Amino acid sequence: MSLAMGVSLGGLAMKNPVTTASGTFASGREYADFIDLSALGALTTKGVSLHAWAGNATPRIAETPSGMLNSIGLQNPGVQAFIDSDLAWLSTQGVPVIVNVSGHSIEEYLAVIALLEPQDAVHAFELNISCPNVDAGGMAFGCSTANVEAVVAKARAATKKPLIVKLTPNVTDIAEIARSAEGAGADALSLINTVLGMAIDAHTRKPRLARVVGGLSGPAIKPIALRLVYEAYRAVAIPLIGMGGIMTGEDAVEFLLAGASAVAVGTANFVNPRATVEVIEGIERYCADNGVTDVKELIGGLLC
Amino acid sequence: MGNVFEGRGTIRRNEQVGPGLFLMEVGEASMARAITPGQFVHVGLPGMEGHILRRPFSVYSACGDSGTIDILYQAVGFGTRHMAGLGPGAAVSLLGPLGRAWHPPEDTRCALLVGGGVGAAPLFLLAAELVRCGSAVDVVLGAQTADALVCRGRYEALLAGAPAKSSLRCATDDGSFGHAGFCTPLVEERLAARSYDYAAVCGPEPMMRIVIGQMEGLPLACEASLERRMACGVGACLSCVVATDEGMRRACVDGPVFDARKVVFA
Ligand SMILES: Cc1cc2nc3c(=O)[nH]c(=O)nc-3n(C[C@H](O)[C@H](O)[C@H](O)COP(=O)(O)OP(=O)(O)OC[C@H]3O[C@@H](n4cnc5c(N)ncnc54)[C@H](O)[C@@H]3O)c2cc1C
Ligand SMILES: Cc1cc2nc3c(=O)[nH]c(=O)nc-3n(C[C@H](O)[C@H](O)[C@H](O)COP(=O)(O)O)c2cc1C
Ligand code: FES
């Protein structure tokens, strides 16, 4: 029985529904010893900003029950260095590239997109609206519908490539945020980014992260992520990329059932550098075992 | 990157060798052959429950013939305490060989190695390599007590066979063996007695900072091995950065061994 694994993500054709979660896979070079990158449905890069960002002080990570906190601070060498080194290399890897874009102001997001728009090696943009908006006093863009509309509408006007908007879970009502992004022209949504959290060392009475608070990822956030994907799926018509704690093919299937058209594997890469391909194989096995001939049948297939 | 892989090894031996100190021997022949002095492995242990991350450990010694690597570790938290309870036959996953190795200058004739606590372990393969190349090797080790100087025997045996005049000097905080106090006066004394062309340091950061300060102005190459919390271990996540004169560098691929004079200590 042949199995169709391809999905379409707002104009981006993926040969299977699995990509990498931004910031957990760099630009893929580090994992090329372990997997064939061309086996992935797409590769999502780390966040790219206009100028180099130095990131936060260390310790930047702390392990927490079934997960980890990070406060990397979007360290990256800036868009030009990304184009010259990573993108040049990525363009030879035979995998669609989704570039994750960061900014502290709408102008910054637009400047990054403007430099990447002419690059054929960029197949889609993922707008990370969890970044603090300096113009709005540091609150994340993704936390208010007005800010989401403003940044997504401007980004939409700046690119003809598929525009994915990555939502933060740190909001009261994901449905209204998802609708704002859709209304402003997003082709797809990805969710979730990390959940704000903190960890304390009782013995030293100090926070475990230099920045005190950070973003929680890994299996610990999977139930939160599934709930948010499920709510967003019911709120919008555009496709979703689900992520948050996916370690296995079965985890990925759960996201598809909740309404995601594709999934991203993040923290799992740190545990198992072959996690992405093993998730793909796991989805295939699930489909074979359950008589599913087209993976798209699973999307939103939750019975309730 | 080139030839980093996941090796599935089996614990051959795992025993306590000192206060809170354990020695684990893992059979994984390809890894044992691939490791160069100063490199580390990112270890996945069975039964870690909700502790999802791997744990990084330097390789204390590696033997291509027996296909084993030794890890000397201190029980400090959940992972290392759990590790201490694993018995022979248990399967462990090793990502490696990881990180930048020690790079003594090609023509090193006289080297000074300074290890504090378990920092003695990542220096051992380097010492063996230098001895093999005919360099004189002076080693200074510091520990809290005589019991904790668990690498002493191996270093003594190695240096006894060294062709060039070599030495081992030890310091213990409680004076139960060797010099009483920190190892830094021994370093001072060595630097005054001999001229070195290479120094390598591994230990707690405050100790490394002092030792590197002692080398200031001396015409010798100086390297230090640093520890940072690591998620991926392969250079992808940027959790392990070290501040250097050349900007933020990743301890897992640009280190753990760095040019000591370029490290900006906090
Ligand atoms: C390159 C490198 C080589 C190392 N080599 C050795 C060695 O040869 N022998 C040895 O005893 N120890 C070594 N360490 C330190 C060792 O990794 C930690 O002691 C160990 O991870 C602690 O795990 P835990 O679960 O017991 O502690 P926990 O405190 O429960 O660990 C929680 C988290 O913090 C991390 N962590 C805690 N302490 C350290 C530390 N000092 N450095 C880095 N991460 C830490 C853990 O990996 C884990 O992710 C090395 C560290 C690095 C980075
Ligand atoms: C170390 C680390 C760095 C991350 N960096 C980014 C980033 O640059 N941009 C972004 O949109 N998300 C970033 N994320 C969030 C992930 O892409 C993902 O949304 C989140 O980790 C949940 O998925 P997971 O549980 O599978 O890791 C990062 C996550 C981690 C753990
Ligand atoms: S541990 Fe991920 S970059 Fe070093």
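**Student:** Provide a residue-level description of the domain arrangement of chain B, including the pertinent values.
**Tutor:** Residues and elements named next belong to chain B. Split into domains, chain B comes out as domain 1 (5-98) and domain 2 (110-262). Each of domain 1 and domain 2 was reduced to a C-alpha centroid, and the two centroids are 21 Å apart. With both chains or domains summed, domain 1 and domain 2 bury close to 1,800 Å², and 70% of this area falls on carbon and sulfur atoms. In this assembly, domain 1 and domain 2 are joined by 1 salt bridge. Taking the shortest distance from any N to any O, the salt bridge between D70 and R154 comes out at 2.8 Å. Where domain 1 touches domain 2, the interface holds 3 residue pairs in polar contact (both at pLDDT 80 or more). For the side of domain 1 that touches domain 2, the secondary structure elements donating two or more residues are β1 (5-18), β2 (21-27), β3 (40-44), β4 (55-58), β5 (61-63), β6 (68-74) and β7 (91-98). Looking at the side of domain 1 that touches domain 2 element by element, the count peaks at 4 residues for β6. Looking at the side of domain 1 that touches domain 2, its residues break down into 16 nonpolar, 6 polar and 1 charged.

**Student:** With reference to specific residues and values, describe the pairing of strand β8 (residues 124-128) of chain A.
**Tutor:** All names here are of chain A. Burial of β8 is extensive: 5 of the 5 residues sit out of reach of the surface. Here β8 shows two buried faces, one formed by A124, E126 and N128 and the other by F125 and L127. Strand direction decides the pairing type here: strand β7 (residues 97-101) and β8, joined by 4 bridges, are parallel. From the neighbouring strand, N100 faces β8, where its bridge partner is E126.

**Student:** Run through the packing of helix α2 (residues 106-116) of chain A against helix α3 (residues 145-158) of chain A, naming residues and quoting values.
**Tutor:** All names here are of chain A. Contact geometry of α2 with α3 gives a least axis separation of 10 Å together with a crossing angle of 20°. The orientation of α2 relative to α3 falls into the category roughly parallel. The interaxial crossing formed by α2 with α3 has right-handed handedness. In this structure, α2 contributes I106, Y109, L110 and I113 to the contact, and α3 contributes A150, V151, K154, A155 and A158. Of the residues assigned to the contact of α2 with α3, the class counts are 8 nonpolar, no polar and 1 charged.

**Student:** I'd like a description of the state of the cysteines, backed by residues and values.
**Tutor:** Residues and elements named next belong to chain B. Tallied over the entire structure, the rule returns 0 disulfides over all chains. Free of any disulfide, C63 has its nearest cysteine sulfur in C151, 17 Å distant. For C63, a relative accessible area of 31% puts it in the partly exposed group. Cysteine C170 remains unbridged, with the sulfur of C151 as its closest cysteine sulfur at 9.8 Å. Overall, C170 belongs to the buried group, its relative accessible area being 8%.

**Student:** How would you summarise the pattern of salt bridges if you had to cite specific residues and measurements?
**Tutor:** Residue and element names in this part refer to chain B. The tally for this structure, following the rule as stated, stands at 26 salt bridges over all chains. Taking the shortest distance from any N to any O, the salt bridge between E15 and R13 comes out at 3.1 Å. Residue classification places R13 among the partly exposed residues on the basis of a relative accessible area of 32%. The shortest N-O distance in the salt bridge between R228 and E205 comes to 2.7 Å. Taken together, the residues R228 in the loop between β13 (221-225) and β14 (241-244) and E205 in helix α6 (residues 205-214) connect sequence positions 23 residues apart. Connected through shared salt-bridge partners, D138, R169, E189, R190 and R194 make up one network.

Analysis parameters
Residues numbered from 1 in each chain as written. Chains lettered and ligands numbered in written order. Predicted model: local features only at pLDDT ≥ 70, side-chain atom pairs only at ≥ 80, totals over all residues. Heavy atoms only, no water. Domains from an automatic or database assignment. Buried area = accessible area lost by both parts, 1.4 Å probe. Salt bridge = Lys/Arg side-chain N within 4 Å of Asp/Glu carboxyl O. Polar contact = N/O pair within 3.5 Å; in protein donor to acceptor, adjacent residues only side chain to side chain. Helix = DSSP H or I, 4+ residues; strand = E, 2+ residues; numbered from the N terminus. Nonpolar A, V, L, I, M, F, W, Y, C, P; charged D, E, K, R; others polar. Buried < 20%, exposed > 50% of the residue type's maximum accessible area, 1.4 Å probe, protein only. Pairing = 2+ DSSP bridges. Axes fitted to C-alpha atoms, helices over the stretch in contact; angles between N-to-C directions. Parallel < 35°, antiparallel > 145°, perpendicular 65-115°, else oblique. Left-handed = near helix turned anticlockwise from the far one by under 90°. Contact = heavy atoms within 4.5 Å. Disulfide = S-S within 2.5 Å.

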